[in-house]
Amino acid sequence: MRCFPAVLVLALCACTAAGCGSSLVQTANQESREFLGDPYPRFMNFEVERNVNGDREAVIPVQGHFTLHPSCPALAGSTASRCHTIHTRYAVLEFSLPDPNAASGFWTITATQIAAIAAARHANPVFSLFPDFTEEIVRCSIPRGSPPHGTIAGTCSTNTVGYRRVRRVELVEHWPLSERSGTRKKAGWAVTLDRDGGVRSIRVIGHPPQLWR
């Protein structure tokens with residue numbers, strides 16, 4: 001019998017009520033086996049988000065022994081290939097809800113990126129609004145810092161500068177969601193890390209609604 005972290009069990013219980021549950025776990029294992037070469041990844045976290053289009057998605061960072069076999073054409077006049085097998089320990093699985101079989105995808109992430117994002121998000125309680133994964137823009141409710149307080153519907157994303165060695169984590173928000181993409185206001189924070197992965201400095205980008213007075 002496989003075991004799951006308590007937080008994942010609770011999340012999956014909530015997900016079951018929403019119409020997914022065990023089918024999501026089965027699909028995650030199947031996708032990991034098919035695309036990453038490991039049928040039993042370790043689920044590190046579980047988040048249900050809405051993407052920019054408003055579609056609900058489950059995002060699951062996983063750890064395992066993953067092997068990717070990129071496909072690419074052979075060199076001209078030779079049977080050799082420019083491609084090489086990629087081995088990685090971490091990846092992020094993504095599934096549509098409520099039917100995880102409707103659409104799915106994945107991307108790889110490094111241990112350094114995971115640690116850097118965690119350090120940045122824990123540097124300030126405000127930063128918990130941002131996703132703990134890269135490569136995805138999600139809808140979020142951005143708090144206002146001044147009367148009448150409340151929130152503004154917008155989008156949030158987390159980006160890392162650097163891959164094997166992350167130098168900076170950028171937490172970016174756009175608003176309001178009612179405006180067309182490209183015309184929304186933009187602000188956020190740049191969290192710079194030291195050589196040991198600790199937070200060295202935090203710089204405000206623009207004028208985030210959280211800081212309005």
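The structure reproduced in this document is the subject of the present report.

Criteria and thresholds
Residue positions are given per chain, counted from 1 along the sequence in the order it is written. With pLDDT at 70 or above as the cut-off, local features in this predicted model cover only qualifying residues; side-chain atom pairs require 80 or more to be listed or tallied, and sums for whole chains, interfaces and linings still use all residues. Side-chain metrics in this entry use all non-hydrogen atoms of the structure; hydrogen atoms and water are not considered. Secondary structure is summarised from DSSP: a helix means a run of H or I of at least four residues, a strand means a run of E of at least two, and numbering begins at the N terminus for each. Think of it in three bands: with a 1.4 Å probe and only protein chains considered, a residue is buried below 20% of the maximum accessible area for its type, exposed above 50%, and partly exposed in between. Any two residues whose heavy atoms approach within 4.5 Å are treated as being in contact. In this description, accessible areas are obtained by the Shrake-Rupley approach with a 1.4 Å probe, and a residue is regarded as covered only by the protein chains that are shown. In what follows, salt bridge is the name for a side-chain nitrogen of Lys or Arg lying within 4 Å of a carboxyl oxygen of Asp or Glu. Among the buried residues, those of types Ala, Val, Leu, Ile, Met, Phe, Trp, Tyr and Cys that are joined through side-chain atoms within 4.5 Å form a nonpolar core. Note on pairing: DSSP must find at least two bridges between two strands before they are called paired. Candidate patch residues must exceed 30% relative accessible area and have no salt bridge, after which like charges are joined if within 9 Å and Val, Leu, Ile, Met, Phe, Trp or Tyr side chains if within 5 Å. When charges are counted, Lys and Arg contribute as positive and Asp and Glu as negative, whereas His and the chain ends are disregarded. Charge positions come from single atoms, namely NZ of Lys, CZ of Arg, CG of Asp or CD of Glu. The arc in question is the one spanned by the directions pointing from the helix axis to the C-beta atoms. Counting of polar contacts relies on pairs of N or O atoms within 3.5 Å, with two restrictions inside protein: one atom must be capable of donating a hydrogen and the other of accepting it, and residues adjacent in sequence are counted only when both atoms are side-chain atoms.

## What about the overall build of the chain?
A tally of regular secondary structure across the chain gives three helices and 10 strands. Taken from N to C terminus, the helices and strands of the chain fall in the order α-α-β-β-β-β-β-α-β-β-β-β-β. Residues counted as buried form 40% of the 213 residues belonging to the chain. For the chain, restricting intrachain contacts to residue pairs at least 6 apart in sequence, the fraction spanning at least 24 positions comes to 46%. For the chain, the computed accessible surface area is about 11,800 Å², with 52% contributed by carbon and sulfur atoms.

## Some thoughts on the pattern of salt bridges
Oppositely charged side chains are able to pair whenever their charged atoms sit close together. All told, the structure shown has one salt bridge when counted by the stated rule. Across the salt bridge formed by glutamate 170 and arginine 168, the nearest N and O atoms sit 3.1 Å from each other. Of the residues examined, glutamate 170 reaches a relative accessible area of 21% and is grouped as partly exposed.

## Examining the nonpolar core
Core analysis: the largest hydrophobic core is formed by 16 residues, its most contacted members being Val169, Leu171, Val191 and Leu193. Contributing elements (two or more residues each) for this core: helix H3 (111-121), strand E6 (138-143), strand E7 (151-161), strand E8 (168-175) and strand E9 (185-193). Apart from the residues lying within four places of it in its own chain, the contact partners of leucine 193 are Ala116, Val166, Arg167, Val169, Gly198, Val199 and Arg200.

## Concerning the pairing of strand E4 (residues 86-96)
Along any regular strand the residues' side chains alternate between the sheet's two faces. For strand E3 (residues 56-68) and E4, the ladder comprises 10 bridges, and the chain directions are antiparallel. Across the sheet, residue isoleucine 60 finds its bridge partner in E4, namely leucine 93. Relative to strand E5 (residues 104-108), E4 runs antiparallel, the two sharing five bridges. What sits directly across from leucine 93, in E5, is phenylalanine 106.

## As for a positive patch on the surface
A contiguous patch of positive charge, built from Arg165, Arg167, Arg195 and Arg200, is present on the exposed surface. Considering the arrangement of structural elements, one finds arginine 200 in strand E10 (residues 199-205). Overall, arginine 200 belongs to the exposed group, its relative accessible area being 61%.

## Digging into H3
Considered for burial, the residues of H3 that qualify are Gln113, Ala116, Ile117, Ala120 and Arg121. The buried residues of H3 all sit within an arc of 125° when viewed along its axis, so they share a single face. Summarising the contacts, the buried residues of H3 are in contact with E7, E8 and E9.

## Considerations on the side chain of arginine 184
With respect to the helices and strands, arginine 184 occurs in the loop between E8 and E9. Summary of buried charges: arginine 184 has no salt-bridge partner, and the nearest side chain of opposite charge, glutamate 179, is 7.4 Å away. Polar side-chain contacts of arginine 184 include one of 3.5 Å to the backbone oxygen of proline 176. In this view, arginine 184 contacts Thr155, His174, Trp175, Pro176, Leu177 and Glu179; residues no more than four positions away in its chain are not counted.

## Comments concerning the environment of glutamate 47
Following the sequence through the fold, glutamate 47 ends up in strand E2 (residues 47-50). Setting aside its immediate chain neighbours within four residues, glutamate 47 contacts Glu57, Ala58, Val59, Asp132 and Phe133. A polar contact of 3.5 Å, which involves the side chain of glutamate 47, links it to the side chain of asparagine 45.

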